[in-house]
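For reference, the chains in residue letters:
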Amino acid sequence: MQQHIWKIEWDDSLSVGIPEIDADHKQFIVLVNRLNKAIIDRMELSEIKNRLQSILEDAVRHFEHEEGLFRQWNYHDVDAHARKHAEIVSTLRTIMGRVGSDTLMPQWIEVGLEIKDTLITHISTEDMKYAQFYRNSPELHRQ
Ligand SMILES: [Fe+2]
Ligand SMILES: [Fe+2]
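Residues numbered from 1 in each chain as written. Chains lettered and ligands numbered in written order. Predicted model: local features only at pLDDT ≥ 70, side-chain atom pairs only at ≥ 80, totals over all residues. Heavy atoms only, no water.

Asks: Give me the lowdown on the coordination of the iron ion (ligand 1), citing residues and values where you can.
Replies: Here the iron ion (ligand 1) is held by His25 (NE2), His62 (NE2), Glu66 (OE) and Asp127 (OD), and the distances to it run 2.0 to 2.2 Å. Geometry at the iron ion (ligand 1) is irregular, judged from its 4 donor atoms and the angles of 84 to 171 degrees they form at the metal. Spacing between the donor residues of the iron ion (ligand 1) along the chain follows H-x36-H-x3-E-x60-D. Between the iron ion (ligand 1) and the iron ion (ligand 2), a spacing of 3.5 Å is present, and a bridge between the two is formed by Glu66. In this pair, His25 sits in helix H1 (residues 19-40) while His62 sits in helix H2 (residues 45-73), placing the two residues 37 residues apart along the sequence. Taking relative accessible area as the criterion, His62 reaches 3% and is therefore assigned buried. (Donors = N, O, S within 2.8 Å, 3.2 Å for Na, K, Ca; no water. Tetrahedral: all angles 85-135°; square planar, octahedral: opposite > 155°, others 65-115°. Helix = DSSP H or I, 4+ residues; strand = E, 2+ residues; numbered from the N terminus. Buried < 20%, exposed > 50% of the residue type's maximum accessible area, 1.4 Å probe, protein only.)

Asks: I'd like a rundown of the nonpolar core, residues and numbers included.
Replies: If you look at the biggest cluster of nonpolar residues, it comprises 26 residues, and the most contacted ones within it are Leu35, Leu52, Ile55, Leu92, Trp108, Ile115 and Leu119. Residue assignment for this core shows that the elements contributing at least two residues are H1, H2, helix H3 (78-99) and helix H4 (105-135). Grouped together as the second largest cluster of nonpolar side chains are 12 residues, Trp73, Tyr75, Ala131 and Tyr134 included. (Core = buried A, V, L, I, M, F, W, Y, C linked by side-chain atoms within 4.5 Å.)

Asks: Describe the coordination of the iron ion (ligand 2), and please don't skip the residues or the numbers.
Replies: The iron ion (ligand 2) binds to the protein through Glu66 (OE), His81 (NE2), His85 (NE2), His122 (NE2) and Asp127 (OD); the donor distances cover 2.1 to 2.3 Å. Judged by relative accessible area, His81 falls into the buried class, the value being 1%.

Asks: Describe in detail the packing of H2 against H3, supporting the description with residues and values.
Replies: Two elements in contact, H2 and H3, have axes separated by 10 Å at closest approach and are oriented at 170 degrees. When the axis of H2 is compared with that of H3, the two are roughly antiparallel. When H2 is examined against H3, the residues Lys49, Leu52, Gln53, Ile55, Leu56, Ala59, Val60, Phe63, Glu66, Glu67 and Phe70 are found in contact with a partner set consisting of Val78, His81, Ala82, His85, Ile88, Val89, Leu92, Arg93, Ile95, Met96 and Val99. Here the residues of the contact of H2 with H3 sort into 15 nonpolar, 3 polar and 4 charged. (Axes fitted to C-alpha atoms, helices over the stretch in contact; angles between N-to-C directions. Parallel < 35°, antiparallel > 145°, perpendicular 65-115°, else oblique. Contact = heavy atoms within 4.5 Å. Nonpolar A, V, L, I, M, F, W, Y, C, P; charged D, E, K, R; others polar.)

Asks: I'd like to hear about the packing of aromatic side chains, residue by residue, with values.
Replies: The final tally for this structure, using the stated rule, is 8 aromatic pairs. Pairing Phe70 with Trp73 gives two aromatic rings, centres 5.9 Å apart and planes at 50 degrees, and the pair type is tilted. Highlighted residues: Phe70 and Trp73, both in helix H2, separated by 3 residues, approximately one helical turn. No difference in accessibility class separates Phe70 from Trp73, as the two residues are buried. Between Trp73 and Phe133, the ring centres sit 6.2 Å apart and the planes meet at 35 degrees, which makes this aromatic pair tilted. Within this pair, whereas Trp73 is found in helix H2, its partner Phe133 is found in helix H4, the two being separated by 60 residues in sequence. Classification of Trp73 as buried rests on a relative accessible area of 8%. (Phe/Tyr/Trp six-rings, centres within 6.5 Å; stacked < 30°, edge-to-face > 60°.)

Next up, the structure:
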(Lines give C-alpha, C1' and ligand atoms only; values in the text may rest on other atoms or scores of the structure.)
(Ligands and ions follow the chains in the order given, each with its own letter.)
Protein backbone atom coordinates (compact mmCIF):
# COMPACT_ATOMS: atom_id res chain seq x y z
CA MET A 1 0.00 0.00 0.00
CA GLN A 2 1.30 3.45 -0.87
CA GLN A 3 2.03 5.68 2.12
CA HIS A 4 1.42 9.42 2.05
CA ILE A 5 3.10 11.94 4.33
CA TRP A 6 -0.22 13.75 4.81
CA LYS A 7 -2.20 10.67 5.72
CA ILE A 8 -2.70 9.55 9.31
CA GLU A 9 -3.47 5.93 10.08
CA TRP A 10 -4.99 5.00 13.40
CA ASP A 11 -2.92 2.60 15.42
CA ASP A 12 -3.12 1.39 18.98
CA SER A 13 -0.27 3.62 20.12
CA LEU A 14 -2.82 6.47 19.81
CA SER A 15 -5.36 4.75 22.06
CA VAL A 16 -6.07 6.40 25.41
CA GLY A 17 -7.83 3.24 26.60
CA ILE A 18 -11.25 4.91 26.78
CA PRO A 19 -13.46 3.72 23.91
CA GLU A 20 -15.64 6.85 23.64
CA ILE A 21 -12.53 9.06 23.37
CA ASP A 22 -10.78 6.74 20.95
CA ALA A 23 -13.92 6.98 18.78
CA ASP A 24 -13.62 10.80 18.81
CA HIS A 25 -9.94 10.63 17.91
CA LYS A 26 -10.62 8.22 15.05
CA GLN A 27 -13.20 10.66 13.73
CA PHE A 28 -10.59 13.46 13.94
CA ILE A 29 -8.25 11.39 11.83
CA VAL A 30 -10.96 10.79 9.23
CA LEU A 31 -11.63 14.54 9.00
CA VAL A 32 -7.95 15.52 8.84
CA ASN A 33 -7.33 12.95 6.12
CA ARG A 34 -10.36 14.31 4.24
CA LEU A 35 -8.97 17.84 4.45
CA ASN A 36 -5.54 16.78 3.23
CA LYS A 37 -7.04 14.73 0.42
CA ALA A 38 -8.93 17.83 -0.74
CA ILE A 39 -5.71 19.85 -0.67
CA ILE A 40 -3.66 17.24 -2.51
CA ASP A 41 -6.39 16.72 -5.10
CA ARG A 42 -6.68 20.51 -5.55
CA MET A 43 -10.37 20.56 -4.90
CA GLU A 44 -12.35 23.81 -4.92
CA LEU A 45 -11.37 26.29 -2.24
CA SER A 46 -14.95 26.20 -0.91
CA GLU A 47 -14.65 22.43 -0.36
CA ILE A 48 -11.33 22.86 1.45
CA LYS A 49 -12.89 25.53 3.65
CA ASN A 50 -15.86 23.27 4.44
CA ARG A 51 -13.52 20.51 5.50
CA LEU A 52 -11.49 22.90 7.63
CA GLN A 53 -14.71 24.11 9.25
CA SER A 54 -15.70 20.50 10.06
CA ILE A 55 -12.38 19.98 11.81
CA LEU A 56 -12.85 23.15 13.84
CA GLU A 57 -16.39 22.16 14.90
CA ASP A 58 -15.33 18.62 15.68
CA ALA A 59 -12.36 19.83 17.72
CA VAL A 60 -14.55 22.15 19.81
CA ARG A 61 -17.03 19.31 20.47
CA HIS A 62 -14.31 16.81 21.30
CA PHE A 63 -12.47 19.18 23.64
CA GLU A 64 -15.71 19.80 25.55
CA HIS A 65 -16.21 16.06 25.78
CA GLU A 66 -12.74 15.54 27.29
CA GLU A 67 -13.03 18.48 29.67
CA GLY A 68 -16.42 17.17 30.87
CA LEU A 69 -14.81 13.84 31.70
CA PHE A 70 -11.93 15.57 33.49
CA ARG A 71 -14.41 17.36 35.75
CA GLN A 72 -16.20 14.08 36.50
CA TRP A 73 -12.87 12.51 37.39
CA ASN A 74 -11.64 15.51 39.41
CA TYR A 75 -8.61 15.37 37.18
CA HIS A 76 -5.86 17.58 38.63
CA ASP A 77 -4.56 18.80 35.26
CA VAL A 78 -7.87 20.05 33.84
CA ASP A 79 -6.90 23.74 33.61
CA ALA A 80 -3.57 23.20 31.89
CA HIS A 81 -5.14 20.72 29.48
CA ALA A 82 -8.05 23.06 28.71
CA ARG A 83 -5.52 25.82 27.92
CA LYS A 84 -3.88 23.54 25.34
CA HIS A 85 -7.30 22.93 23.81
CA ALA A 86 -7.97 26.67 23.66
CA GLU A 87 -4.62 27.18 21.89
CA ILE A 88 -5.51 24.60 19.24
CA VAL A 89 -8.95 26.15 18.65
CA SER A 90 -7.34 29.55 18.33
CA THR A 91 -4.76 28.17 15.85
CA LEU A 92 -7.55 26.62 13.78
CA ARG A 93 -9.54 29.88 13.84
CA THR A 94 -6.44 31.82 12.76
CA ILE A 95 -5.94 29.43 9.85
CA MET A 96 -9.62 29.77 8.88
CA GLY A 97 -9.24 33.54 8.92
CA ARG A 98 -6.03 33.41 6.91
CA VAL A 99 -7.33 31.27 4.06
CA GLY A 100 -9.42 34.00 2.43
CA SER A 101 -9.21 33.51 -1.30
CA ASP A 102 -5.69 32.19 -1.19
CA THR A 103 -5.32 29.45 -3.77
CA LEU A 104 -1.56 28.95 -3.49
CA MET A 105 -1.20 25.20 -3.22
CA PRO A 106 2.25 24.97 -1.59
CA GLN A 107 0.94 27.01 1.33
CA TRP A 108 -2.15 24.86 1.56
CA ILE A 109 -0.12 21.73 1.87
CA GLU A 110 1.76 23.27 4.78
CA VAL A 111 -1.52 24.24 6.41
CA GLY A 112 -2.84 20.69 6.14
CA LEU A 113 0.36 19.21 7.55
CA GLU A 114 0.37 21.76 10.38
CA ILE A 115 -3.15 20.79 11.40
CA LYS A 116 -2.33 17.11 11.22
CA ASP A 117 0.81 17.52 13.33
CA THR A 118 -0.90 19.76 15.88
CA LEU A 119 -3.71 17.28 16.51
CA ILE A 120 -1.57 14.16 16.51
CA THR A 121 1.02 15.74 18.80
CA HIS A 122 -1.77 16.73 21.18
CA ILE A 123 -3.12 13.17 21.32
CA SER A 124 0.26 11.53 21.72
CA THR A 125 1.56 13.91 24.39
CA GLU A 126 -1.20 15.76 26.29
CA ASP A 127 -4.00 13.19 25.97
CA MET A 128 -1.62 10.40 26.99
CA LYS A 129 -1.18 12.16 30.35
CA TYR A 130 -4.84 11.67 31.26
CA ALA A 131 -4.78 8.18 29.72
CA GLN A 132 -2.17 7.26 32.29
CA PHE A 133 -4.14 8.93 35.09
CA TYR A 134 -7.27 7.01 34.03
CA ARG A 135 -5.40 3.72 33.84
CA ASN A 136 -4.10 4.27 37.35
CA SER A 137 -7.56 5.16 38.74
CA PRO A 138 -9.57 1.91 38.79
CA GLU A 139 -12.36 3.61 40.79
CA LEU A 140 -13.20 5.62 37.64
CA HIS A 141 -13.69 2.55 35.48
CA ARG A 142 -17.05 1.69 37.04
CA GLN A 143 -18.61 5.09 36.30
FE1 LIG B 1 -8.29 14.38 22.55
FE1 LIG C 1 -7.06 16.80 24.77
